[in-house]
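# Structural features, examined
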2 protein chains.
Amino acid sequence: MHFKINEAIELLERTPKTLSSLLTGLSPEWLTCSEGEDTWNTIEVVAHLIEGEKVNWFPRMNMILTQGDDYTFPSFDRFAHLTRNETNIEQLLLEFKHCREESLDKLRNQLKGLKDFEQTARHPEFGPVRLRELLSTWVVHDLTHLSQITRVMAKRYKDDVGPWKNYLGILR
Amino acid sequence: MHFKINEAIELLERTPKTLSSLLTGLSPEWLTCSEGEDTWNTIEVVAHLIEGEKVNWFPRMNMILTQGDDYTFPSFDRFAHLTRNETNIEQLLLEFKHCREESLDKLRNQLKGLKDFEQTARHPEFGPVRLRELLSTWVVHDLTHLSQITRVMAKRYKDDVGPWKNYLGILR
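Predicted model only: the values in this text are computed from it and were never measured.

The subject of this paragraph is the pattern of salt bridges. Residues and elements named next belong to chain A. One pass over the full model with this rule turns up 30 salt bridges over all chains. For R151, the salt bridge is made with E35, and the minimal N-O distance between the two is 2.8 Å. You can see R151 sitting in helix α6 (residues 131–155) and its partner E35 sitting in the loop between α2 (28–32) and α3 (42–55), a full 116 residues away along the chain. Assessed through its relative accessible area of 29%, R151 is described here as partly exposed. The partner of R130 in a salt bridge is E118, and the shortest N-O contact between them spans 3.1 Å. Of this pair, R130 sits in strand β2 (residues 127–130) while E118 is found in the loop between α5 (89–111) and β1 (120–123), placing the two residues twelve residues apart along the sequence. The exposure class of R130 is partly exposed, given its relative accessible area of 33%. On the basis of relative accessibility, which here comes to 40%, the residue E118 falls in the partly exposed class. Each of E118, R130, R132 and E133 takes part in salt bridges that share partners, so that together they form one network.

Here it is as structure tokens:
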């Protein structure tokens, strides 16, 4: 196990700026390409990250701290963001930045005096989950979607690279 | 085929800032973790990107433009960077930023009046490769290593996420 709250926060606070550096001002061709039908483009991934801030990560932390062992989280709708109409990437990046700052402010506030990351609540599918597992998953979830965005954009050029395709595992 | 030089440059010019946003000031634990023996940590990946700027991408473009069809590129040593002693991430990020700016300045300079992206030289393994394939590969190579860095860091928490592991394909 490697989880330490300060190291987890380091990554959580870097994600908005990382996404902004990569995506601000990019051509629509990069932002709207996907891996095929029923897969997400970059705009949809950022909308999904916003949804996670609003109803998933900090809210579930709060449920663990206030509701306790027997409480079962409401399900997180992983497709809720697909009903959004906002497709302007700069607008979405700004919203994500604000939501994340708010989440981290609330997280840091809860951390004052908190020593026990073993507290649990119930996940609707898995059963008991620990606070440190939720916080670790938040970090990995960010990294997953950063990785997804770069993979999706790389695949746009899968035929353009010609014979170099053999060297580029990301395209397979 | 999707390659357009302006869209390719959009991504090439964003990579240094994206890496800086993600990596500047991170704890050594994030920067030195890897996927196991004989795999690269994040510091080594950034050193590899610097090496590519110095001997691979723009230099090969220049070979295509000045040497022509029958010329065979010298091999690129994909492990050369492992002999470097520099391990300070901020120093490496700064060096990469400068190398990339220089590459893009030279690239933009070559582009003045250049219309033919079908020109070729010979790759030591593949044989004839086109300029547009080289430039597309440069972009995908950046994205590959951005994706790698996020994957490597995610895997550090593969046991920490507990039962959420089932949802996180990046950890498999």
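This next bit is on the interface of chain A and chain B. Residue-level contacts link 55 residues of chain A with 55 residues of chain B. In this structure, the connection of chain A to chain B is made through two salt bridges. One salt bridge in this structure joins R156 of chain A and E7 of chain B, with 3.0 Å as the shortest N-O distance. Counting across the interface, chain A meets chain B through 22 residue pairs in polar contact (both at pLDDT 80 or more). Among the secondary structure elements, those contributing two or more residues to the side of chain A that touches chain B are α1 (5–23), α2, β2 and α6 of chain A. The element that contributes the greatest number of residues to the side of chain A that touches chain B is α6 of chain A, accounting for 15 residues. Of the residues contributing to the side of chain A that touches chain B, the split by class is 26 nonpolar, 15 polar and 14 charged.

Counting residues in hydrophobic clusters, the biggest one holds 108 residues, and the most contacted among them are L23 of chain A together with L23 of chain B. Among all residues touching L23 of chain A, those that are not within four sequence positions of it are L31, T42, V46, I89, L93, I149 and M153 of chain A.

The next subject is the environment of L94 of chain B. Note that L94 of chain B resides in helix α5 (residues 89–111). When its relative accessible area of 41% is taken as the criterion, L94 of chain B is described as partly exposed.

Our next topic: the relation of the copies chain A and chain B. Structural alignment of chain A on chain B gives an RMSD of 0.0 Å, achieved by rotating through 180 degrees and translating 0.0 Å along the axis. Both copies of the chain, as the preceding transformation shows, are related through a two-fold rotation axis. Using C-alpha coordinates, one finds that chain A approaches the rotation axis most closely at S147 of chain A, a distance of 2.2 Å.

Let us look at the packing of aromatic side chains. Tallied over the entire structure, the rule returns 14 aromatic pairs over all chains. Measuring from centroid to centroid gives 5.6 Å for F3 of chain A and F117 of chain A, while their planes differ by 70 degrees, and the two rings are edge-to-face. Here F3 of chain A is found in the segment before α1, whereas its partner F117 of chain A is found in the loop between α5 and β1, with 114 residues between them in sequence. For the pair shown, F3 of chain A and F117 of chain A are each scored as buried. Their ring planes at 50 degrees and their centres at 6.3 Å tell us that F3 of chain A and Y157 of chain B sit as a pair that is tilted. Pair noted here: F3 of chain A is in the segment before α1 and Y157 of chain B is in the segment after α6 (131–155), and the two residues belong to different chains. Neither residue differs from the other here; F3 of chain A and Y157 of chain B are each classed as buried. Above the plane of the ring of W30 of chain A lies R156 of chain A, whose end atom (NZ or CZ) is 4.6 Å from the centre.

Further remarks concern α1 of chain A. Residues and elements named next belong to chain A. Across its 19 residues, α1 extends 28 Å between first and last C-alpha, which sits within 8% of the 27 Å expected from 1.5 Å per residue. Its maximal kink placed at T15, α1 deviates by approximately 35 degrees, while the proline P16 follows within four residues. The buried count for α1 comes to 15 of 19 residues, which makes it a mostly enclosed element. At the exit of α1 stands G25, carrying a positive phi of roughly 80 degrees.

Cut-offs applied
Residues numbered from 1 in each chain as written. Chains lettered and ligands numbered in written order. Predicted model: local features only at pLDDT ≥ 70, side-chain atom pairs only at ≥ 80, totals over all residues. Heavy atoms only, no water. Salt bridge = Lys/Arg side-chain N within 4 Å of Asp/Glu carboxyl O. Helix = DSSP H or I, 4+ residues; strand = E, 2+ residues; numbered from the N terminus. Buried < 20%, exposed > 50% of the residue type's maximum accessible area, 1.4 Å probe, protein only. Contact = heavy atoms within 4.5 Å. Polar contact = N/O pair within 3.5 Å; in protein donor to acceptor, adjacent residues only side chain to side chain. Nonpolar A, V, L, I, M, F, W, Y, C, P; charged D, E, K, R; others polar. Core = buried A, V, L, I, M, F, W, Y, C linked by side-chain atoms within 4.5 Å. Least-squares fit on C-alpha atoms with pLDDT ≥ 70 in both. Phe/Tyr/Trp six-rings, centres within 6.5 Å; stacked < 30°, edge-to-face > 60°. Lys NZ or Arg CZ within 6 Å of the ring centre and 35° of its normal. Expected span 1.5 Å × (residues − 1). Bend = angle between axes of the 7 residues up to and from the residue.

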